[in-house]
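# Structural features, examined
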Amino acid sequence: MEEQKLISKKKPAFPINQQLYDYLTEYNRNIKIPVFYDDLLRFAGAINLYDRNGEDTLWIRVYYAEHEREEIDISLKRMYLILHGDGSEDSLPFLTVDGIDYCTFGNSKPFRIKIRNILNDNHTYLYIKKADSSRVYGLELEHILSPNNINFLVYKDTLIEEHVLGIPGDQFLAENIDTVSVRGKKRLSKEFVKFNERCMIRLLGDMRSYNYVIVASYDFDQVEYRIRAMDFDQQCFEGNLKVYFPQFFKENYPFVKMVEENLQKESIEQYKKEERSAIARRLRGSQERINDLLACMMHDKISTPEKIHQLKMDLVKYTNDKNFKKCTSMGEILKVAFNFVTRNYENVNTYIIR
């Protein structure tokens, strides 16, 4: 497998403009919240967090001055209720904040909040990050075009995301892959092919193994697998088309090898076509919302002219669609890509009644 450095520089954060704010407001993503990202940066101390093998997780557990902690805890519990409910504070006395962690690795430098229900000891996480328009576009496209709904909110320069359940891909490869049956590896190979295709079509980049999770679902006679993205920073930024194919990252080579060993070329092409057809149906089913989102992207600056030019020429070569040549923004590129998929794959099922 050829190795090359696909991403050479850290992606800058892009502010959310008024048109995107208006979109978020229309679709109930822009809601007042009781605490901002900058508020959480005022921690007074921290300790490193290690995993069960003693390895540094790159997360730190942060602590706040006593006079601030109570206010921060109440604000975080209210934020949880806004994200997962109707904002009603009836459940507030039954929630507690078990920990606030800060990650110094990556673009978004998130805070991870562990919220526990003291009545039943169940807990969940939410993430608070600096708002970045690339990531917001990525989250919204994930919600509309993938098999997975995702819940998030934006207020001014703060982004709140729900936790994506699953085993991180790198951890799965290190600790779980040997327990997967032969039939399971065939189903996992099928899912990787579909995930690879889905990321490329909606231009979600940098899906290295630590940026997605593996979700196992138990059926009555088998285990099904799904791969879910959990990092959306690299939505429509890079110019190299290979960045949008998970198969080209060396971290994913074990999955690529699994596909080669378990699927014939005819099956791989079948699964690619299935995923393109599924995305075409989702595009058609959410046409108004997608058009509104693309209108924001077409007037937004989320990349550089050099990267836009490189990507559109790569896509001309890959698809033979000359419409990419006219594009002057990442939003226009994505619109042409979606039109290409809808035009060529919406009607592949001849049994659908029209």
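The next point concerns the pairing of strand β1 (residues 45–50). Bridge count between β1 and strand β2 (residues 56–63): five bridges; the pairing is antiparallel. Looking at the pairing, I47 lines up with R61 of β2. Once β1 ends, the chain turns through five residues before running back antiparallel as β2, passing G54 with a positive phi of about 85°.

This brings us to the packing of aromatic side chains. Two aromatic rings are characterised by how far apart their centres lie and by the angle between their planes. Overall, the coordinates contain 14 aromatic pairs when judged by the stated rule. Each ring, one from F14 and one from F237, has its centre 6.1 Å from the other, and the planes form 50°; the classification is tilted. Of this pair, F14 sits in the segment before α1 (18–26) while F237 sits in the loop between β10 (223–229) and α7 (253–262), and the two are 223 residues apart along the sequence. Relative to Y318, the ring of F245 lies with its centre 5.7 Å away and its plane at 70°, an arrangement referred to as edge-to-face. Here F245 is found in the loop between β10 and α7, whereas its partner Y318 is found in helix α10 (residues 305–319), with 73 residues between them in sequence. For Y318, a relative accessible area of 38% gives the class partly exposed. Through successive ring pairs, a cluster of aromatic residues spans Y37, F43, Y102 and F111.

Moving on, we get to unusual backbone geometry. If you check the backbone angles, L203 has positive phi at about 55° while not being a glycine. Counting through the fold element by element, L203 comes out in the loop between α6 (182–201) and β9 (212–218). Even without being a glycine, D206 presents a positive backbone phi close to 60°. Residue placement: D206 occurs in the loop between α6 and β9.

Moving on, we get to the packing of α6 against α7. As a packed pair, α6 and α7 sit with axes 9 Å apart at the nearest point and diverge in direction by 115°. As summarised for this structure, α6 and α7 are arranged roughly perpendicular, according to the angle between their axes. For the pair α6 and α7, the crossing hand works out as left-handed. Residues V182, K185, K186, L188, S189, F192 and V193 of α6 form the contact with α7, whose participating residues are F255, V256, M258, V259 and N262. Tallied by class, the residues present in the contact of α6 with α7 amount to eight nonpolar, two polar and two charged.

Listing the buried residues of α1 in full gives L20, Y21, Y23 and L24. Down the axis, α1 shows its buried residues gathered within 160° of arc, on one side only. Looking at α1, the residues exposed on the side facing more than 90 degrees away from the buried face are Q18 and E26. Where α1 is buried, its residues touch α4 (133–145), β6 (152–155) and α9 (287–298). Where α1 begins, the capping side chain belongs to N17, and its oxygen is found 3.3 Å from the backbone nitrogen of Q19. Of the residues trailing α1, N28 is marked for its positive phi of about 60°.

If you walk through the whole model with that rule in mind, you get 29 salt bridges. Put simply, D38 and K130 hold a salt bridge, and the shortest N to O gap is 2.9 Å. With D38 in helix α2 (residues 37–40) and K130 in strand β5 (residues 123–130), the pair connects residues that are 92 residues apart, well separated along the chain. A relative accessible area of 34% means that K130 is categorised as partly exposed. The partner of E275 in a salt bridge is R282, and the shortest N-O contact between them spans 3.9 Å. A relative accessible area of 4% means that E275 is categorised as buried. Put simply, K129, R135, E161, D231 and D233 are held in one network by salt bridges that share partners.

Turning our attention to the side chain of S133. In this fold, S133 is placed in helix α4. The residues contacting S133, other than those within four sequence positions of it, are F14, P15, I16, L20, D300 and I302.

Relative to the elements of secondary structure, I333 occurs in helix α11 (residues 330–345). You can call I333 buried: its relative accessible area is 0%. Separated by 178 residues in the primary sequence, I333 and Y155 have C-alpha atoms spaced 28 Å apart. Residue contacts for I333: discarding those within four places in its chain leaves L203, I308, L311, K312, L315, F324 and C327.

The rules behind the values
Residues numbered from 1 in each chain as written. Predicted model: local features only at pLDDT ≥ 70, side-chain atom pairs only at ≥ 80, totals over all residues. Heavy atoms only, no water. Pairing = 2+ DSSP bridges. Helix = DSSP H or I, 4+ residues; strand = E, 2+ residues; numbered from the N terminus. Phe/Tyr/Trp six-rings, centres within 6.5 Å; stacked < 30°, edge-to-face > 60°. Buried < 20%, exposed > 50% of the residue type's maximum accessible area, 1.4 Å probe, protein only. Axes fitted to C-alpha atoms, helices over the stretch in contact; angles between N-to-C directions. Parallel < 35°, antiparallel > 145°, perpendicular 65-115°, else oblique. Left-handed = near helix turned anticlockwise from the far one by under 90°. Contact = heavy atoms within 4.5 Å. Nonpolar A, V, L, I, M, F, W, Y, C, P; charged D, E, K, R; others polar. Arc of directions from axis to C-beta. Polar contact = N/O pair within 3.5 Å; in protein donor to acceptor, adjacent residues only side chain to side chain. Salt bridge = Lys/Arg side-chain N within 4 Å of Asp/Glu carboxyl O.

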